[in-house]
Amino acid sequence: RYLHLGAASCYRSGGNRDDLLTRLDHFYQVWDRKLSIKPGVPILTLITICKNRLEHLKQSLPQMVKQPNAQVVVVDYGCSQGTRDWVKAHYPQVTIVTVDDDPGWCAARARNLGAKQAKADWLCFIDADIVLQGNLTAWVAQHAKQGSYY
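Note that this is a predicted model, so its numbers are computed, not measured.

A.B. asks: What exactly am I supposed to notice about the environment of Leu 136 here?
C.D. replies: In this fold, Leu 136 is placed in helix H5 (residues 136–143). Owing to a relative accessible area of 15%, Leu 136 belongs among the buried residues under this scheme. Distance from Leu 136 to Met 64, taken between C-alpha atoms, is 9.1 Å for residues 72 residues apart in sequence.

A.B. asks: What am I meant to see in the nonpolar core here?
C.D. replies: Most often, soluble globular proteins have nonpolar side chains that are buried together. Core analysis: the biggest nonpolar cluster contains 23 residues, and Leu 46 and Leu 61 have the highest contact counts within it. The set of elements that each furnish at least two residues to this core consists of strand E2 (44–50), helix H2 (54–65), strand E3 (70–77), helix H3 (83–90), strand E5 (122–126) and H5. Tallying contributions element by element places H2 first for this core, with 4 residues. For Leu 61, the contacting residues outside a window of four places in its chain are Val 72, Val 74, Trp 86, Val 87, Tyr 91 and Val 94. Tyr 77, Cys 106, Ala 110 and Ala 115 belong to the second largest nonpolar core, which has 15 residues in total.

A.B. asks: Got a minute to help me understand the packing of H2 against H3 in this structure?
C.D. replies: When two helices pack together, you describe them by how their axes are tilted relative to each other and by the distance separating the axes. At a minimum axis separation of 11 Å, H2 and H3 run at an interaxial angle of 20 degrees. It follows from the interaxial angle that H2 and H3 lie roughly parallel. Two packed elements cross with a definite hand, and for H2 against H3 that hand is right-handed. Contacts from Leu 54, Leu 57, Lys 58 and Leu 61 of H2 reach H3 at Thr 83, Trp 86 and Val 87. Within the contact of H2 with H3, the residues separate by chemical class into 5 nonpolar, 1 polar and 1 charged.

A.B. asks: Just checking my understanding: could you explain the state of the cysteines for this structure?
C.D. replies: What we call a disulfide is simply a covalent bond connecting the sulfur atoms of a pair of cysteines. On inspection of all chains with the given rule, the structure shows 0 disulfides. Here Cys 50 stays unpaired: no disulfide links it, and the sulfur of Cys 79, its closest cysteine neighbor, is 3.8 Å away. Cys 50 gets classed as buried once you look at its relative accessible area, which sits at 1%. In this structure Cys 79 comes out as buried when scored by relative accessible area, which is 12%.

A.B. asks: Any chance you could explain the packing of aromatic side chains here in plain terms?
C.D. replies: Here the distance between the centres and the angle between the planes together describe a pair of aromatic rings. Tallied over the full model, the rule gives 2 aromatic pairs. Where Tyr 77 meets Trp 105, the ring centres are 5.2 Å apart and the plane angle is 80 degrees; that geometry is what we call edge-to-face. Of this pair, Tyr 77 sits in strand E3 while Trp 105 is found in the loop between strand E4 (95–99) and helix H4 (107–116), placing the two residues 28 residues apart along the sequence. For Tyr 77, a relative accessible area of 0% translates into the label buried.

A.B. asks: Sorry if this is basic, but what is going on with the pairing of E4 here?
C.D. replies: Sheet faces and side chains relate simply in a regular strand, where the side chains alternate between the two faces. Bridge analysis of E3 against E4 gives 5 bridges, and the strand direction is parallel. Residue pairing across strands places Asp 76 opposite Thr 98, the latter belonging to E4. Running through H3, the crossover from E3 to the neighbouring parallel element E4 is right-handed.

A.B. asks: Just to check I follow, could you spell out the pattern of salt bridges for this structure?
C.D. replies: Where charged atoms of side chains with opposite charge meet at close range, the side chains can pair. Scanning all chains against the criterion turns up 6 salt bridges. For Asp 100, the salt bridge goes to Arg 84, with nearest N and O atoms at 2.9 Å. Of this pair, Asp 100 sits in the loop between E4 and H4 while Arg 84 is found in helix H3, placing the two residues 16 residues apart along the sequence. For Asp 100, a relative accessible area of 57% corresponds to the exposed category. Salt bridges linked by common partners bring Asp 76, Arg 84 and Asp 100 together as one network.

Rules and cut-offs
Residues numbered from 1 in each chain as written. Predicted model: local features only at pLDDT ≥ 70, side-chain atom pairs only at ≥ 80, totals over all residues. Heavy atoms only, no water. Helix = DSSP H or I, 4+ residues; strand = E, 2+ residues; numbered from the N terminus. Buried < 20%, exposed > 50% of the residue type's maximum accessible area, 1.4 Å probe, protein only. Core = buried A, V, L, I, M, F, W, Y, C linked by side-chain atoms within 4.5 Å. Contact = heavy atoms within 4.5 Å. Axes fitted to C-alpha atoms, helices over the stretch in contact; angles between N-to-C directions. Parallel < 35°, antiparallel > 145°, perpendicular 65-115°, else oblique. Left-handed = near helix turned anticlockwise from the far one by under 90°. Nonpolar A, V, L, I, M, F, W, Y, C, P; charged D, E, K, R; others polar. Disulfide = S-S within 2.5 Å. Phe/Tyr/Trp six-rings, centres within 6.5 Å; stacked < 30°, edge-to-face > 60°. Pairing = 2+ DSSP bridges. Right-handed = clockwise from strand over helix to strand, strands pointing away. Salt bridge = Lys/Arg side-chain N within 4 Å of Asp/Glu carboxyl O.

Structure representation (C-alpha cells):
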C-alpha cells in the first residue's frame, strides 16, 4: 500500500528488484487486515528522498514531522549540502538513510532503501519539494481502501 506525492506518476523498481518484491509481498500479506490504530505504531510512513534539495526539505520536513501517528524517513542520497546533519540537529526523531556509494542518482533505489525502514503498513513517497497541508494521516486512516494505490 503506498501513496506517492510528487512529480512522478508511478513507482518503478530499480536497483535491487528482490528488495522491492519482498516489500510488495509483505503488502499483499496485510491487504486483508483492517486499518487499525495501535498505540506506538505509525499508521503511515512518509518517505522523502533528497539529493542536494536541502532548501526544499527545510520547508517540507516540518510539515511531515507534524503528522500524527506517522514515521518520517529521509533518504540522503549523497547530498553535499549537509542534509543529514541538518536533519539530525533539527529533527532527531526522523529516521535517516544515507547513500554514499553512488555518485549519481537513482530515485527508485532511494525509495526502496527508505521503504526498508518503514514501520507502518502504508507508505507515502513524498518529494522533497511537496509541503503537506492538513492531516494526511487522518485522511489515510479514514479513506484508504485495501488493495488501492493513491
